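Letter by letter, the chains look like this.
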Amino acid sequence: MTVFASPVPLFLPRERLQALVDALRGSGRRCLGPRVRDGAIVYDWLTDVAELPTGVADVQLPGSYRLERSGAGRQFAWATGPQALKPLLFAPREALWRVVRGDDGRLAFREVVPDVQPLAVIGVRACDLAALALQDRHFLQGPYRDPYYARRREQLFLVAVGCSHPASTCFCASTGDGPRPQHSFDILLEELDAGFIAHGGSSQGQQILTALGLAPASEAQLRLAQAESEHAAAVQTRKLPSRNLRGALFANLDHGRWDEVAQRCLTCGNCTSVCPTCFCHSEHEVQALDGQESEHLREWDSCFTRGHSHLHGFTVRPDTRSRYRQWLTHKLGSWHDQYGRSGCVGCGRCIAWCPVGIDITEEATAICGQSA
Ligand code: SF4
Ligand code: SF4
């Protein structure tokens, strides 16, 4: 990772946020930003800051997510919605190659290259930047660089926002990934009532900020932003028993809690879909009806599906108990062997979007103990 020495933090008055969006669009990037759609805050095309969720707050609990009016004038006073950066880089469904039968009956294999335009994403949170760093390791830094992910990643410009209003399901302070973004952004904004402290995180980000002609942030503004960030960490009530549960989980493969959670889990796979670090997928062919062409598709898969562990002639994990155990022991245990850290960045999505409210922090604590 290139370390960029950021110059002095600047102050972006709220009424000049549109100038930042205009500058990003003027630099040839399309902008995605947080917007309210179907009762949730999701990334959508953004041209005008009036489209941001101003005065909107979220209430997140196990198995529950809802929005309400806060009456305040902030634009980012809420925690992560169901979407992370993951679908923007690792497409939920895409063709990797195409096979066409020629007139002579011979098959021609054609590469499918995604058509990618420069993209700026506004409002990315610390947990999702930590997840992005993990996905970069998986897709770009292993023995096989994924060209589909790489193309999108090269065109991505990130405007991060520090979290000041974590949800009750958030626990990024416990995983060490938030609430203040530390890396992987081009610009970082920290929201105050009157505007934003703006930090450059890359030379491209700094160039955009410099062109806005902003004044340096005052000492008082910097202290306020720091106090808000510390408060956002302090109010988080959920936590994992330790940042490394590898030993404790594998020492408890026969714990009775696996049976208990299996009584509640529906194996729906929602947790893996919303998780910003999950990367499992399946691949299959889809043939055209006339038999002249077929596409090789990659689609998100989940360790909760039967097919995920199907080997020739049998299924390795036939029941809910073994699938939930696979999810937790991989996410919080064997990720340490693969990537040197846990696969959980504390975003809390799998808690809020689990239809039966299964809480990863509660399950890990039940299996590993309070001080694993
Ligand atoms: S396991 Fe749950 S809390 Fe952890 S990163 Fe995935 S969705 Fe977020
Ligand atoms: S833990 Fe919850 S979200 Fe995950 S598969 Fe089970 S029921 Fe679905």
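None of these values were measured; they are calculated from a predicted model. (Residues numbered from 1 in each chain as written. Chains lettered and ligands numbered in written order. Predicted model: local features only at pLDDT ≥ 70, side-chain atom pairs only at ≥ 80, totals over all residues. Heavy atoms only, no water.)

**Details of the site of ligand 1**
Formally: We call a residue near a molecule or strand as soon as one heavy atom of that residue lies within 4 Å of the molecule or strand. All amino acids are sorted into three groups, where Ala, Val, Leu, Ile, Met, Phe, Trp, Tyr, Cys and Pro are nonpolar, Asp, Glu, Lys and Arg are charged, and the leftover types, Gly among them, are polar.
Around ligand 1 sit F171, C275, P276, W327, K331, C344, V345, G346, C347, G348, C350 and I360, and those are all the residues in its vicinity. The residue makeup of the shell around ligand 1, split by class, is nine nonpolar, two polar and one charged.

**Re the sheet that holds strand β13 (residues 281-287)**
Paired through backbone hydrogen bonds, the strands of a sheet run either parallel or antiparallel to each other. Using the following cut-off: When DSSP finds two or more bridges between two strands, those strands count as paired. By definition, any uninterrupted DSSP run of H or I lasting at least four residues is a helix, any uninterrupted run of E lasting at least two residues is a strand, and each is numbered from the N terminus. Fitted lines through C-alpha atoms serve as axes, helices being fitted only where they are in contact, and the angles separating the N-to-C directions of these axes extend from 0 to 180 degrees.
Pairing in this open sheet of four strands is antiparallel, and the strands run β7-β6-β14-β13 from one edge to the other. With partners counted over all chains shown, the strands left at the sheet margins are β7 (107-111) and β13, one partner each. Adjacent strand axes in the sheet meet at a mean angle of 20 degrees, parallel and antiparallel pairs treated alike. Inspection of the sheet shows strand β6 (residues 93-101) paired to strand β14 (residues 293-300) by seven bridges, in the antiparallel sense. The partner of R93 across the bridge, within β14, is E299.

**Re the pairing of strand β5 (residues 64-69)**
Along any regular strand the residues' side chains alternate between the sheet's two faces. Bridge count between strand β4 (residues 56-61) and β5: six bridges; the pairing is antiparallel. When the bridges of β5 are listed, L61 appears paired with S64. The turn joining β4 and β5, which pair antiparallel and follow one another in sequence, is formed by two residues; a positive phi near 75 degrees is taken by G63.

**Focus: unusual backbone geometry**
The omega angle of the peptide bond from G178 to P179 is 10 degrees, so this bond is cis rather than trans. With respect to the helices and strands, the residue P179 is situated in the loop between α5 (172-175) and β10 (187-191).

**What to know about the side chain of D58**
Just so we agree on the cut-off: Type-normalised accessible area, obtained with a 1.4 Å probe on protein chains alone, sets the label of each residue: buried when under 20%, exposed when over 50%, and partly exposed for intermediate values. Only four residue types enter the tally: Lys and Arg on the positive side, Asp and Glu on the negative side; His and the chain ends are excluded. Salt bridge criterion: a side-chain nitrogen from Lys or Arg within 4 Å of a carboxyl oxygen from Asp or Glu. Identification of polar contacts relies on pairs of N or O atoms within 3.5 Å, with a donor-acceptor requirement for protein atoms, meaning one able to donate a hydrogen and the other able to accept it, and with residues adjacent in sequence counted only if both atoms are side-chain atoms. By definition in these notes, contact holds between two residues if any of their heavy atoms fall within 4.5 Å.
Its location among the elements puts D58 in strand β4. Despite its burial, D58 pairs with no opposite charge; the closest candidate is R125, at 7.8 Å N-O. A polar atom in the side chain of D58 sits 2.8 Å from the side chain of Q60. From its side chain, D58 meets the backbone nitrogen of A79 in a polar contact 3.0 Å long. Apart from residues lying up to four places away in sequence, D58 is in contact with R66, L67, W78, A79 and A167.

**Overview of empty space enclosed by the protein**
We apply this condition: Detection works on a 1 Å grid of protein atoms alone, calling trapped sets that fit a 1.4 Å probe cavities and calling open sets with protein on both sides within 12 Å along at least five of seven lines pockets, with lining residues defined by an atom within 4 Å of a point. Grid points are joined across faces, edges and corners, and a volume is the space filled by probe spheres set on the points.
Considering all chains together, one arrives at six cavities of 30 Å³ or more under this definition. Counted as a void, the largest cavity has a volume near 140 Å³. C271, Y324, C350, C354 and I358 are, among the 16 residues lining the largest cavity, the residues nearest its centre. Among the elements of the structure, α10 (270-274) and α11 (320-339) are those that each provide at least two residues to the lining of the largest cavity. In terms of residue class, the lining of the largest cavity is built from 13 nonpolar, three polar and no charged.

Any functional reading would require information beyond the geometric quantities listed.
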